[in-house]
Amino acid sequence: MLGFAVAQETGLYDPAPPADSAFVRIINTPAATLGGKAVTALKGAASAYVVIPQGEFAAKLGMTTSKLKVEAGKFYSVVANGSKVTLLTDQAAENRAKALLTIYNLSKNATVDLKTADGKTAVVAGVKTGESGSRAVNGITVDLAAFAGPKALGTLKGVKLERGNAYALVLTDTGLTLTQSSTKTK
């Protein structure tokens, strides 16, 4: 029994976030501050989630600052659309038997669809500019592509989707990128 108590004291697990916490990340922004915490996301990628107390907080993406409001227990992504900062509510990956795919349309295309690369199977349809769409799918290795009508805007080959994981697909005007999402926080 003593060994178990020692394991708990030495930080075997990260401490749980406070009960009034929300989880917020940035997408496609090289430098940002969320609630006073510095965060970075590579071009077309998603950062790790940052623990933010529920309520209002300041988000600074590049030169743009905005006040945003979050609710406890929810996941969010912050994106910059020109000089506007947008807060998107993310679907939580609650089904451990499925992989969660979320596509973010940060392109100039009015709507996009996420499909298998051959265009035959729709995964997430009708995602408007500046918005996101999600779907839980079976674990599989698949080729995926973002489409505007019949035109493929970006393709990802051999994407291994693992059950219980979440994936952020970010479509910009320069292409489609994939980041395995993480509930790990900074």
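Let me sum up the structure you'll find in this document. Along every chain, residues carry numbers that run from 1 in the direction the sequence is written. In view of the model being predicted, local features appear only for residues whose pLDDT reaches at least 70, and side-chain atom pairs are presented and counted only at 80 or more, with totals across whole chains, interfaces and linings using the full set of residues. To obtain the side-chain values, all non-hydrogen atoms of the structure were included, while hydrogens and water were left out.

1. Some details on the sheet that holds strand 6 (residues 64-70)
Only strands that DSSP links by at least two bridges are regarded as paired with each other. Helix and strand assignments follow DSSP, with helices taken as H or I runs no shorter than four residues and strands as E runs no shorter than two, numbered in order from the N terminus. The sheet built from four strands is open, its strands ordered 3-2-5-6 with antiparallel pairing. A strand with exactly one partner marks an edge of an open sheet, and here the two such strands are strand 3 (37-39) and strand 6. Strand after strand, the sheet turns through a mean of 25° between neighbouring axes, direction not considered. Pairing analysis gives seven bridges linking strand 5 (residues 55-61) to strand 6, with the strands arranged antiparallel. Each bridged residue has a counterpart across the sheet, and for A59 the counterpart in strand 6 is S66. Between N-to-C directions, angles cover 0 to 180 degrees, with each direction set by a line fitted to C-alpha atoms, over the stretch in contact for helices.

2. Brief notes about the pattern of salt bridges
Any Lys or Arg side-chain nitrogen found within 4 Å of a carboxyl oxygen on Asp or Glu counts as a salt bridge. Scanning the model with the defined rule gives four salt bridges in all. R25 is the partner of D90 in a salt bridge, and the nearest nitrogen-oxygen pair spans 3.6 Å. One end of the pair, D90, is in strand 8 (residues 84-90); the other, R25, is in strand 1 (residues 21-26), and 65 residues separate them in sequence. Its salt-bridge partner being E71, residue K74 comes within 3.6 Å of it at the nearest N-O pair. Buried means the residue's accessible area, taken with a 1.4 Å probe over protein chains only, is under 20% of the maximum for its type, while exposed means over 50%, and partly exposed covers the values in between. By relative accessible area, E71 is classed as partly exposed at 47%.

3. Some points on the pairing of strand 8
Pairing of strand 7 (residues 75-81) with strand 8, which is carried by seven bridges, proceeds in the antiparallel orientation. Paired with A80 across the two strands is V85, which belongs to strand 8. Linking strand 7 to strand 8, which pair antiparallel, is a turn of two residues; within it G82 sits at a positive phi near 65°.

4. Quick notes on the pairing of strand 14 (residues 151-161)
When strand 13 (residues 140-148) meets strand 14, the two strands line up antiparallel, connected through eight bridges. Each bridged residue has a counterpart across the sheet, and for V142 the counterpart in strand 14 is V159. Connecting strand 13 to the antiparallel partner strand 14 that follows it, the hairpin turn spans two residues, and G149 within it adopts a positive phi of roughly 65°.

5. Concerning the side chain of S77
By the element assignment, S77 lies in strand 7. The buried category is assigned to S77, whose relative accessible area is 0%. Contacts described as polar in this section are N or O atom pairs within 3.5 Å, which, within protein, must combine one atom able to donate a hydrogen with one able to accept it, while residues neighboring in sequence count only if both atoms come from side chains. Looking at S77, its side chain comes within polar contact range of the side chain of Y104, at 3.3 Å. In this view, S77 contacts R25, I27, T86, L87, L88, D90 and Y104; residues no more than four positions away in its chain are not counted. Whether two residues are in contact is decided by their heavy atoms: any pair within 4.5 Å suffices.

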